[in-house]
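Close look at the chain arrangement
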Amino acid sequence: MYLYRRPIKQYGILFKMLAVYIGILVVAYFTTSTLLIYIKESVNISRDIVKVRFEVLSISQRLVDSLLAMEENQKKYEIVHSEEYKKNFLAALNEYKNAIWSILWFRYESFSVWEELHAEFRAAFPELAQGKALGGEPWIDQETLNKWMRIVVSARQDNERVLESGMRELFRISEVAVNRGVTGLTVSIGLGLLGILYLTYSLRRPLRELRRGIRAYTRDGRLEPIRVLTKDELGELAAAFNDMTSRLKEEERMRADFIDMVSHEIRTPLTSIRESVNLMRERVLGEVNERQKRFLDIASDELQRISAMLTSLLKVSSMASQIVDLAPVTFDPAKLVLETLEKAAPAAEAKGIRLTPRLGRDIVSVVGDRELLGQALYNLIGNAVKFSPPERTVLVGLEMADGGQKLLVSITDEGPGIPEEEQPHVFNKYYRGARTKRTTDGIGLGLSIAKTIVEAHGGNIWLSSLAGKGCTFYFTIPVDGTTA
Ligand code: ADP
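For the structure given in this document, a descriptive report is provided here. (Residues numbered from 1 in each chain as written. Predicted model: local features only at pLDDT ≥ 70, side-chain atom pairs only at ≥ 80, totals over all residues. Heavy atoms only, no water.)

Moving on, we come to the overall build of the protein chain. Helix and strand counts for the protein chain come out as eleven helices and seven strands. Over its C-alpha trace the protein chain gives a radius of gyration of 54 Å, far above what one expects of a compact globule, namely 23 Å for 484 residues. Along the longest, intermediate and shortest principal axes, the C-alpha atoms of the protein chain span 175 × 55 × 40 Å. Expressed as a percentage of its 484 residues, the buried residues of the protein chain come to 37%. The contacts in the protein chain between residues at least 6 apart in sequence include a share of 72% that link residues at least 24 apart. Total accessible area on the protein chain stands at roughly 28,900 Å², and carbon and sulfur atoms take up 58% of it. Computing the positive centroid from 64 side-chain charges and the negative centroid from 62, the protein chain places the two 5 Å apart. (Helix = DSSP H or I, 4+ residues; strand = E, 2+ residues; numbered from the N terminus. Rg over C-alpha atoms; globule rule 2.2 N^0.38 Å. Buried < 20%, exposed > 50% of the residue type's maximum accessible area, 1.4 Å probe, protein only. Contact = heavy atoms within 4.5 Å. Areas by Shrake-Rupley, 256 points an atom, 1.4 Å probe, with all protein chains shown as cover. Lys, Arg positive; Asp, Glu negative; His and termini not counted. Charge placed at Lys NZ, Arg CZ, Asp CG, Glu CD.)

Written out as C-alpha cells, the structure reads:
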C-alpha cells in the first residue's frame, strides 16, 4: 500500500511566520506604549513648568517689584511728603493686589503660601481686598513689608527649586525614552532579522533536498528517497515525494517483471518457429521454389528482428535495478571496435553507408566487461547507421583522454541529428524521438542500455548534436577498471 501518511505536523510554516511576526509586534507594542507613557509624563511636567512655574516666577517678580516700589515711595513720602510718592505707592499697592489675585488663580500644590500672603493683605487693607476704595492713609509699617517680602522671596525660591527639579526630571525622562526607544527598535530589527534567517534556513534545507531528489530523477532517471528534515508542510511534501518514488519504483519493477515474463514466454515458441522456417528455407523438409524461398527469407529476417528486440527487452529488465553484474577482463579496445564495425557492416552496406574507424596510436588495453561494452558500442553504431540517410559516413573514433586514464569513444554520423529539446530524454528507457519513431523501427532501449553499461564501468556518456547536421555520441571509461 502506498497510502500517503501525514507526518505529525509540529510547527507549520504559517505558524513559524506568525510566531516571528507576533514577536516583532509584541516588542514594537511594548516599545511604543513605553514611549507613550514617557511622552505623557514629560508633557505633564512641561505643562506644569510652562503654565504654572514660569507664570508664578514672573508674577512673584511683579510682587517683589511692587513691594520694593511701595517701600521706596513710602520712605520718600516720609521725607518729602510729596503727593507724587503717595500716588506711586498706591499704584504699587494696586499692582501688588492684582499680582496676588493673579497668583491665586493657579491652584497648585504649594498654593497655601500665596493664600497666607493674601490673608495678610486682606487684614492690612480690608477695603482694597473687597474691591472698594481705600478709606484712610495707605501706609503700612516696615515690619509688615519686610515680612511680606520674606514670604514672597522664599515662595519664589521654592518655585525655582521645583522648576529646576522639573527640568531635571524632563531631561531624565527624555533620556530614558530615547534609550528605551532605541533598545526596542534594535530588538525589533534583530528579532525580524533572526526570524527571516530562521525561516530562510528552515525552508532552504528541505527545498534543497527536494530539488536534489527531483534532479536525480530528471537528470539521471534515479528514483531516490529524500530525507524528511522538518515536521511542517515541507516535511509532508518530502514524505509525499518519497511515497511517490517508492510507488514509481514498484511500478517499474512490476513492468520489468512483466516484460521479463512475456519475453520468456514468447522466446520459446519463437525459437521453434525460427527453427521450422530455417529448416524449410534450407530445403531440409523438401523442395521449395524461389518465390517460397523469398517469403521464407523475409519471415526469417523478421523473426531475427523480433528475437533481437526480445534480447534487448530482457537485457533492460535484468538491468532494471541499475546493478549490472560485470565480468571484467583485460582486452584491446581497438580490436573490439573493429569487431563491432564488422557486426554492423551488413546493415551499413544495405544502405551504402561507409563505416570508418579512427583509432588513436596510443590506445592501451582496458579492463572491463568486453561483451557488455561491445553491446553498448554496437547500439550506438547501430543507431548511427539506422538514422543516417543512405550513402553517408559513420566515424568511430577511439582515443586516450584525461592524461591516459580514460578511453574516449566517439560515434559520429551525418543523420538528422537530435533536436535540443529531445536531447535530455534520449537516454531514458523506452524514449523514442518524435520524428524518428514514425520512420524507423525500435523500442527506445538502445541508448538506455548503453548508458547503464557505461555507467556501471564508472564512465560517462553524452552527445552533441545540431538538428539536421548529424550527431556525435561520446562515452568514456576508466582504463584500469577501478570501478568495474
Ligand atoms: P530506438 O533506436 O529504439 O528508438 P534508442 O534508445 O537507441 O531507441 O534511441 C532513442 C532515440 O534517440 C531514438 O528514437 C532517436 O530519436 C534518437 N537517436 C538515437 N541515436 C540517434 C542518431 N544517431 N541520430 C538521430 N537520432 C538518434
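Let's shift gears to the site of the ligand. If you check the shell around the ligand, you find 20 residues, and the closest are Asn383, Lys386, Asp413, Thr436 and Gly444. Between Gly433 and the ligand, the recorded distance is 3.0 Å, taken from a backbone N or O atom to an oxygen atom. Between the ligand and the protein, one listed contact pairs an oxygen atom with a side-chain N or O atom of Thr436 at 2.7 Å. About the coverage of the ligand: the protein hides 98% of its 530 Å² of free accessible area. The greatest single-element share of the shell around the ligand, amounting to four residues, is contributed by helix H9 (residues 370–387). The class makeup of the residues in the shell around the ligand is ten nonpolar, seven polar and three charged. (Near = heavy atom within 4 Å. Polar contact = N/O pair within 3.5 Å; in protein donor to acceptor, adjacent residues only side chain to side chain. Nonpolar A, V, L, I, M, F, W, Y, C, P; charged D, E, K, R; others polar.)

What the five strands build is an open sheet, ordered E2-E4-E5-E7-E6; its pairing is mixed. The sheet is open, and its two borders are formed by strand E2 (354–359) and strand E6 (460–465), each paired with just one other strand. For this sheet the average axis-to-axis angle between neighbouring strands, irrespective of direction, equals 15°. Relative to strand E7 (residues 471–478), E6 runs antiparallel, the two sharing six bridges. Pairing of Asn460 across the sheet is with Thr476, part of E7. H9 contacts E2, strand E4 (393–401), strand E5 (406–412), E6 and E7 of the sheet and is inclined by roughly 25° relative to E5. (Pairing = 2+ DSSP bridges. Axes fitted to C-alpha atoms, helices over the stretch in contact; angles between N-to-C directions.)

Before going further, it helps to spend a moment on unusual backbone geometry. Phi at Arg283 is positive, roughly 60°, even though this residue is not glycine. Of note, Arg283 is situated in the loop between helix H6 (233–281) and helix H7 (290–318). On the basis of relative accessibility, which here comes to 31%, the residue Arg283 falls in the partly exposed class. Positive phi outside glycine occurs at Tyr430, with the angle close to 65°. Mapping Tyr430 onto the fold places it in the loop between E5 and helix H10 (436–439). For Tyr430, a relative accessible area of 31% translates into the label partly exposed.

Running from N to C, H9 and helix H11 (residues 446–456) point in directions that differ by 145°, and their axes come no closer than 9 Å. Relative to H11, the crossing made by H9 is left-handed. Listed contacts from H11 to Leu372, Leu373, Gln375, Ala376, Asn379, Leu380 and Asn383 of H9 are Gly446, Leu447, Ile449, Ala450 and Ile453. Residues that form the contact of H9 with H11 fall into these classes: eight nonpolar, four polar and no charged. (Left-handed = near helix turned anticlockwise from the far one by under 90°.)

Our next topic: the nonpolar core. In terms of nonpolar packing, the biggest core is built from 51 residues, with Ile381, Leu407, Ile411 and Phe473 touching the most fellow members. At eight residues, H9 tops the list of elements feeding residues into this core. Look past the residues within four positions of Phe473 in its chain and what remains in contact with it is Leu380, Val409, Ser410, Ile411, Ile418, Phe427, Leu447, Trp462 and Leu463. Judged by nonpolar contacts, the second largest core, of 30 residues, contains Val64, Ala92, Met149 and Val152. (Core = buried A, V, L, I, M, F, W, Y, C linked by side-chain atoms within 4.5 Å.)

Before going further, it helps to spend a moment on the environment of Lys86. By the secondary structure assignment, Lys86 is in helix H2 (residues 83–105). Lys86 sits in the buried class, given a relative accessible area of 16%. When the C-alpha positions of Lys86 and Ile37 are compared, they lie 55 Å apart, and in sequence the two are 49 residues distant. Not counting residues up to four positions away in its chain, the partners in contact with Lys86 are Tyr77, Glu137, Pro138 and Trp139.

In this model, helix H8 (residues 333–351) (19 residues) spans 27 Å end to end at C-alpha, consistent with the 27 Å of a helix rising 1.5 Å per residue. Ala345 marks where H8 bends most, by close to 50°; the proline Pro346 follows one to four residues later. Looking at H8, one finds that the buried residues are Pro333, Ala334, Leu336, Val337, Thr340, Leu341, Ala344 and Ala348. On its buried face, H8 sits against strand E1 (329–331), E2, strand E3 (366–368), H9, E4 and E5. Backbone geometry just downstream of H8 places Gly352 in the positive-phi region, at approximately 70°. (Expected span 1.5 Å × (residues − 1). Bend = angle between axes of the 7 residues up to and from the residue.)

The subject of this paragraph is a positive patch on the surface. A contiguous patch of positive charge on the surface is contributed by Arg204, Arg208, Arg211, Arg215 and Arg219. With respect to the helices, strands and loops of the structure, Arg204 is situated in helix H5 (residues 142–220). Using a relative accessible area of 48% as the deciding quantity, one classes Arg204 as partly exposed. (Patch = residues over 30% accessible without salt bridge, like charges linked within 9 Å, V, L, I, M, F, W, Y side chains within 5 Å. Salt bridge = Lys/Arg side-chain N within 4 Å of Asp/Glu carboxyl O.)

To continue, consider the environment of Ala69. Summarising the element assignment, Ala69 is placed in helix H1 (residues 13–80). Separated by 31 residues in the primary sequence, Ala69 and Ile100 have C-alpha atoms spaced 16 Å apart.

This part is about the side chain of Ser465. As for its placement among the helices and strands, Ser465 is situated in strand E6. By relative accessible area, Ser465 is classed as buried at 15%. Among the polar contacts made by the side chain of Ser465, one reaches the main-chain amide nitrogen of Ile418 at a distance of 2.8 Å.

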